[in-house]
Amino acid sequence: MTQIETMQALTAHEAANCLCSLIDPQQSSRRVGLHEASGRVLAEDFTTPFPMPPFRRAAMDGYVVRSLDIAEACPTHPVTLSVVGEIKAGSGLALHEHFNERKSARIYTGAPVPEYWDTLIVQEAIPQEQRKLHPGSIQLHKAFRQGEHIAEAGEDIAAGAVVLARGKVLSAKEIAILASFGQANVSVYKKPRVAVIPVGDELLSPGNPLTPYHIYDANSHMTVARLQELGASVQHFSPVADRVDAIADALILAMSQSDLIITIGGVSVGDYDFVAKAAEAIGSVPLFRKVLMRPGKPTSAFSVDHRLIISLSGNPSACFAGLELLVKPTILKAAGCVDYENRFLQGTLAAEINKSSPVTRFVRSIACWQGDRLFVEPLSRDRSGNIAAFAHANALAVIPPGARGAVKGEMVSLLPLAGF
Ligand SMILES: Nc1nc2c(c(=O)[nH]1)N[C@H]1C(S)=C(S)[C@@H](COP(=O)(O)OP(=O)(O)OC[C@H]3O[C@@H](n4cnc5c(N)ncnc54)[C@H](O)[C@@H]3O)O[C@H]1N2
Ligand code: MOO
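Residues numbered from 1 in each chain as written. Chains lettered and ligands numbered in written order. Predicted model: local features only at pLDDT ≥ 70, side-chain atom pairs only at ≥ 80, totals over all residues.

## Description of the site of ligand 1
Note the threshold: Here is the check we use: build the C-beta atom from the backbone, and if it is within 6 Å of the molecule or strand, call the residue near. Strands here mean DSSP runs of E at least two residues long; helices mean DSSP runs of H or I at least four residues long; both are numbered from the N terminus. Nonpolar residues are Ala, Val, Leu, Ile, Met, Phe, Trp, Tyr, Cys and Pro. Charged residues are Asp, Glu, Lys and Arg, and all others, Gly as well, are polar.
Around ligand 1, a shell composed of 27 residues is seen, among which N219, G265, S268, S313 and G314 lie nearest. At the level of secondary structure, the elements contributing two or more residues to the shell around ligand 1 comprise α6 (219–229) and α9 (316–334). Its residues assigned to classes, the shell around ligand 1 comprises 11 nonpolar, 12 polar and 4 charged.

## Regarding the site of ligand 2
By nearness alone, every residue bordering ligand 2 is listed as R294, P295, G296, K297, P298, S313, N315, A318 and S384. Partitioned by chemical class, the residues of the shell around ligand 2 number 3 nonpolar, 4 polar and 2 charged.

## Side note on the environment of P127
Secondary-structure assignment places P127 in the loop between β7 (119–122) and α4 (128–133). The sequence separation of P127 and L140 amounts to 13 residues, and the corresponding C-alpha distance is 9.9 Å.

## Thoughts on the sheet that holds strand β16 (residues 260–264)
The line we're drawing: Whether two strands pair comes down to DSSP finding at least two bridges between them. Axes here refer to lines fitted to C-alpha atoms; in helices the fit is confined to the stretch in contact. Angles between the N-to-C directions go from 0 to 180 degrees. Whether two residues are in contact is decided by their C-beta atoms, placed from the backbone, lying within 7 Å.
Within the open sheet, the 6 strands sit side by side as β15-β12-β16-β20-β19-β17. Their pairing is mixed. Strands at the two margins of the open sheet, each flanked by one partner only, are β15 (233–236) and β17 (285–288). Averaged over all adjacent pairs, the angle separating strand axes in this sheet is 25°, with direction ignored. Bridge count for strand β12 (residues 193–198) against β16 is 5 bridges, and the pairing is parallel. Bridge pairing links V194 to L260 in β16. The sheet contacts of helix α2 (residues 12–21) involve β17, β19 (300–304) and β20 (307–312), and relative to β17 the element is tilted by about 140°. Each of β12, β16 and β20 touches α9; the most contacted strand, β20, lies at about 160° to it.

## Quick word on the domain arrangement of the chain
To keep it simple, the criterion reads: Domain limits in this description derive from either an automatic procedure or a database domain assignment.
Assigned domains of the chain: these are domain 1 (3–26 + 191–334), domain 2 (32–53 + 155–189), domain 3 (57–151) and domain 4 (345–416). Averaged C-alpha coordinates put domain 1 and domain 3 at centres separated by 67 Å.

## Quick look at the UniProt feature "domain: MoaB/Mog" (unreviewed entry) in the chain
Inclusion rule: UniProt positions are given in the numbering used here, feature names are shortened, and annotations may be inferred rather than shown by experiment.
Summarizing the sequence annotation, UniProt attributes the feature "domain: MoaB/Mog" (unreviewed entry) to residues 195–333 in the numbering used throughout. Overall, residues 195–333 shows 36% helix and 24% strand. The separation of its end C-alpha atoms is 17 Å.

## Quick notes on helix α7 (residues 244–257)
How we decide: To estimate how far a helix should extend, the number of its residues minus one is multiplied by 1.5 Å. Each residue is classed by its C-beta neighbour count within 10 Å, where at least 20 other C-beta atoms makes it buried, 12 or fewer makes it exposed, and intermediate counts make it partly exposed; the C-beta atoms are placed from backbone geometry. Our arc is simply the arc of the directions from the helix axis toward the C-beta atoms.
With 14 residues, α7 should reach 20 Å at 1.5 Å per residue; the first-to-last C-alpha distance of 20 Å fits that figure. Residues of α7 that are buried include every one of I247, A248, A250, L251 and A254, and no others. On an axial view of α7, the arc spanned by its buried residues comes to 160°, and they lie on one face. Away from its buried face, by an angle of more than 90 degrees, α7 presents the exposed residues D245, S256 and Q257.

## Focus: the pairing of strand β23 (residues 373–378)
Pairing of strand β21 (residues 345–349) with β23, which is carried by 2 bridges, proceeds in the parallel orientation. For T348, the partnering residue across the bridge sits in β23 and is F375. Alignment of strand β22 (residues 360–370) against β23, held across 6 bridges, turns out to be antiparallel. Paired with S365 across the bridge in β23 is P378. Following β22, the chain reverses through 2 residues before pairing antiparallel with β23; G371 in that reversal takes a positive phi of roughly 65°.

## Observations regarding the environment of Q27
Tracing the backbone shows Q27 in the loop between α2 and β1 (29–33). C-beta crowding within 10 Å serves as the criterion here: with 9 such atoms nearby, Q27 is assigned to the exposed category. With 307 residues separating them in the primary sequence, Q27 and A334 have C-alpha atoms 9.3 Å apart.

## Focus: the sheet that holds strand β6 (residues 103–107)
The strands that make up a sheet pair up through hydrogen bonds in the backbone, lying either parallel or antiparallel. Pairing is mixed across the open sheet formed by 5 strands, whose spatial order is β7-β4-β6-β5-β8. Strands at the two margins of the open sheet, each flanked by one partner only, are β7 and β8 (137–140). Pairwise comparison of adjacent strand axes, ignoring direction, gives a mean angle of 35° for this sheet. Across 4 bridges, the pairing between strand β4 (residues 62–65) and β7 is antiparallel. Bridge pairing in β7 links V65 to T119.

## Quick notes on the pairing of strand β25 (residues 411–416)
Where β21 meets β25, 4 bridges bridge the pair, whose relative direction is antiparallel. Each bridged residue has a counterpart across the sheet, and for L345 the counterpart in β25 is L414.

Here it is as structure tokens:
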């Protein structure tokens, strides 16, 4: 028996765990400007250097008052306060006189609120006529809640708080936090370097004229795009011929420049599927030679010289499933991301799947919320080689193995995709 025949077949989850367990997270870091930080992984905890907001400030346009001064205000006994000045965002109010009581100031959103005042009355609460006729005073016909519309210094985030932890993927939200604290640049992990090698005599790179019996290489472009989204730096190979030496040469070149290699196609059982032979020829050890999933059953992985080769199968949906289920967690872990495992949701199947399968199926589907219930509708004619489903799918529905497929109304797991 060959090593491959004795090799245990893994589920998609086990295969992802196997790959992740062999990946060393990125350790090297560099500082990048905020405009380059989106999609990068934070290499150190970010501790806030000052409180947020940094000073006590107005949350609305209006008037600041002391709640004590207006506690008794009512329609029959209105309270009149003189307006001693104006406080704009970006400037304070110099308090020249020593105030005792019944003083107010005009204030605008974002302006500092001196300690003297504890409540802000929105300008809409004071009739416009009255404000025009008597700009030097305001008249109030009711009391207002103490502290209203005033944001205290540090009420959002305290100074010295670890507000973003190492290993977090930076997106617009996190970049807003960093910028709010004046950080012009941030320490991020270096991107893992990943080579993408499409294999197949039939493949043409987009941009070339379509010739008989050939197809355009879609998968490597899909893979490169996904890897870039996941924070990798990608070395994109042109399609390689179905020959052991050509594939082996590409693998050797990729090893010299990349930490991880992804091949696409040529990994099944046909006489011209040479990826495994080429991987063997360069001295790699197989980790698994198929995965209990469909599409993507022929997905394989090899280890060589402390690097992984992940070989995705050529059908576009199989390549895609391999990318989402196996490559995504592996790349995220390699990039230094702490939260790298796929998260599945539970949803109700909106239509039956009357196709049996000895292995788990991952069906391109449309998931949508109806009220508080998540429904998942499998796209029809989801054949491995079809690409139309990519235009609509926002989830992969997980259909357990068995003779009966799955019935409408059944609860199934689903993996959310872009657009969910
Ligand atoms: N006798 C058997 N035949 C097949 C089996 C099997 O178990 N027994 N498995 C089938 C399954 S499942 C799949 S998936 C495919 C996978 O084969 P490969 O991974 O070796 O991929 P190829 O044969 O190279 O290509 C399959 C298909 O996809 C097209 N392709 C390939 N690369 C690209 C690309 N970069 N962009 C777009 N399309 C691509 C290729 O032209 C083929 O049509 O094997 C089944 N056969
Ligand atoms: O991996 Mo193939 O279906 O499973 O196309």
